Amino acid sequence: LTNKNKNILLILTLILIFLLIYSPHFNNPFPLHIDEWHSITEATKLKETGITKGLQSVKIGFYLFLAGISYLFNLVTVYKFLPAIWIILTAILLFHLIKSKTKNYFIALLTIIFLASIKSNANILGLWFFTGLTFSIPFIFLYLHLFSEGIQKQSKKMILWSLLIMILLLPIHSISVLFSLPILLIYSLMHK
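Residues numbered from 1 in each chain as written. Predicted model: local features only at pLDDT ≥ 70, side-chain atom pairs only at ≥ 80, totals over all residues. Heavy atoms only, no water.

Before going further, it helps to examine the overall build of the protein chain. Regarding its fold elements, the protein chain presents 10 helices and 0 strands. Counting helices and strands in the order they occur from the N terminus, the protein chain gives α-α-α-α-α-α-α-α-α-α. Relative to the 2.2 N^0.38 estimate, which gives 16 Å for 192 residues, the radius of gyration of the protein chain is 18 Å and therefore close to what a compact globule would have. In terms of its C-alpha atoms, the protein chain occupies a principal-axis envelope of roughly 45 × 40 × 30 Å. Looking at the 192 residues of the protein chain, the share that counts as buried comes to 41%. The contacts of the protein chain with a sequence gap of at least 6 include a subset with a gap of at least 24, amounting to 64%. About 11100 Å² of surface is accessible on the protein chain, with carbon and sulfur atoms providing 72% of the total. The average position of the 15 basic charges and that of the 5 acidic charges among the side chains of the protein chain differ by 16 Å. (Helix = DSSP H or I, 4+ residues; strand = E, 2+ residues; numbered from the N terminus. Rg over C-alpha atoms; globule rule 2.2 N^0.38 Å. Buried < 20%, exposed > 50% of the residue type's maximum accessible area, 1.4 Å probe, protein only. Contact = heavy atoms within 4.5 Å. Areas by Shrake-Rupley, 256 points an atom, 1.4 Å probe, with all protein chains shown as cover. Lys, Arg positive; Asp, Glu negative; His and termini not counted. Charge placed at Lys NZ, Arg CZ, Asp CG, Glu CD.)

Checked against the element boundaries, threonine 13 lands in helix α1 (residues 3-22). Among all residues touching threonine 13, those that are not within four sequence positions of it are Leu109, Ile112 and Ile113.

Here the focus is the nonpolar core. Membership of the largest hydrophobic core comes to 28 residues, with the highest contact counts inside it found for Phe62, Leu66, Leu75, Tyr79, Phe130 and Tyr143. Of all the secondary-structure elements, those providing two or more residues to this core are α2 (34-49), α3 (60-72), α4 (75-78), α5 (82-102), α7 (132-152), α8 (156-173) and α10 (181-190). For this core, the leading source of residues is α7, giving 6 residues. For leucine 66, the residues in contact, after removing those within four places along its chain, are Ser39, Ala43, Leu75, Tyr79, Leu82 and Phe130. Formed by 19 residues, the second largest nonpolar core is a distinct cluster that contains Ile87, Ala91, Leu94 and Ala116. (Core = buried A, V, L, I, M, F, W, Y, C linked by side-chain atoms within 4.5 Å.)

Before going further, it helps to examine the pattern of salt bridges. Summed over all chains, the structure comprises 3 salt bridges. Across the pair lysine 45 and glutamate 42 runs a salt bridge whose closest N-O atoms are separated by 3.2 Å. One end of the pair, lysine 45, and the other, glutamate 42, are both in helix α2, 3 residues apart, so they sit about a helical turn from each other. Among the residues examined, lysine 45 registers a relative accessible area of 36% and is labelled partly exposed. (Salt bridge = Lys/Arg side-chain N within 4 Å of Asp/Glu carboxyl O.)

Attention shifts here to the packing of α5 against α7. Relative to each other, α5 and α7 sit at 20 degrees, their axes nearing to 9 Å. Considering the angle they form, α5 stands roughly parallel to α7. The chirality of how α5 crosses α7 is left-handed. In this structure, α5 contributes Trp86, Thr90, Leu93, Leu94, Leu97, Ser100 and Lys101 to the contact, and α7 contributes Thr134, Phe135, Ile137, Pro138, Phe139, Phe141, Leu142, His145, Ser148, Glu149 and Gln152. Residue classes in the contact of α5 with α7 are distributed as 10 nonpolar, 6 polar and 2 charged. (Axes fitted to C-alpha atoms, helices over the stretch in contact; angles between N-to-C directions. Parallel < 35°, antiparallel > 145°, perpendicular 65-115°, else oblique. Left-handed = near helix turned anticlockwise from the far one by under 90°. Nonpolar A, V, L, I, M, F, W, Y, C, P; charged D, E, K, R; others polar.)

Rendered as structure tokens:
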């Protein structure tokens, strides 16, 4: 395939991914899950009072992001677009990361198709819903990539960027950082 055809194929794939993730909202213009409504409530409280209470304040970074959006748009009406928009950003990032690692266009393209095909429903959540976890997914890919590249290339700068992204993710979705610590430790020991 020529570069032009590859770009067209990538754009068509991204459009299909957008439609797939947006599809639950074809008949329902509102957020689909109680976690989404809770996030909207917390972001609204944060915007109006400047505080959020309870254990959920551990996701204050995510609520700050939503509060920022609420200054530009009505959060309830725009929320249905957020999962689809975010998956496109995630897919573009993942496509470029996989393509840089493998040097193979088709593997990168199949990777984002696989990402979009991961099952979602109200019980297990997933990419159809905009939560702290789905917000964190592109950052997870990014910090894992930067960390592995930093170790392989002996680049302190890349490792520091990776650690900065991890630190920024802690107030958004701390489990996204904590789950990878054993993996990063093992990877570091393998490449010391």
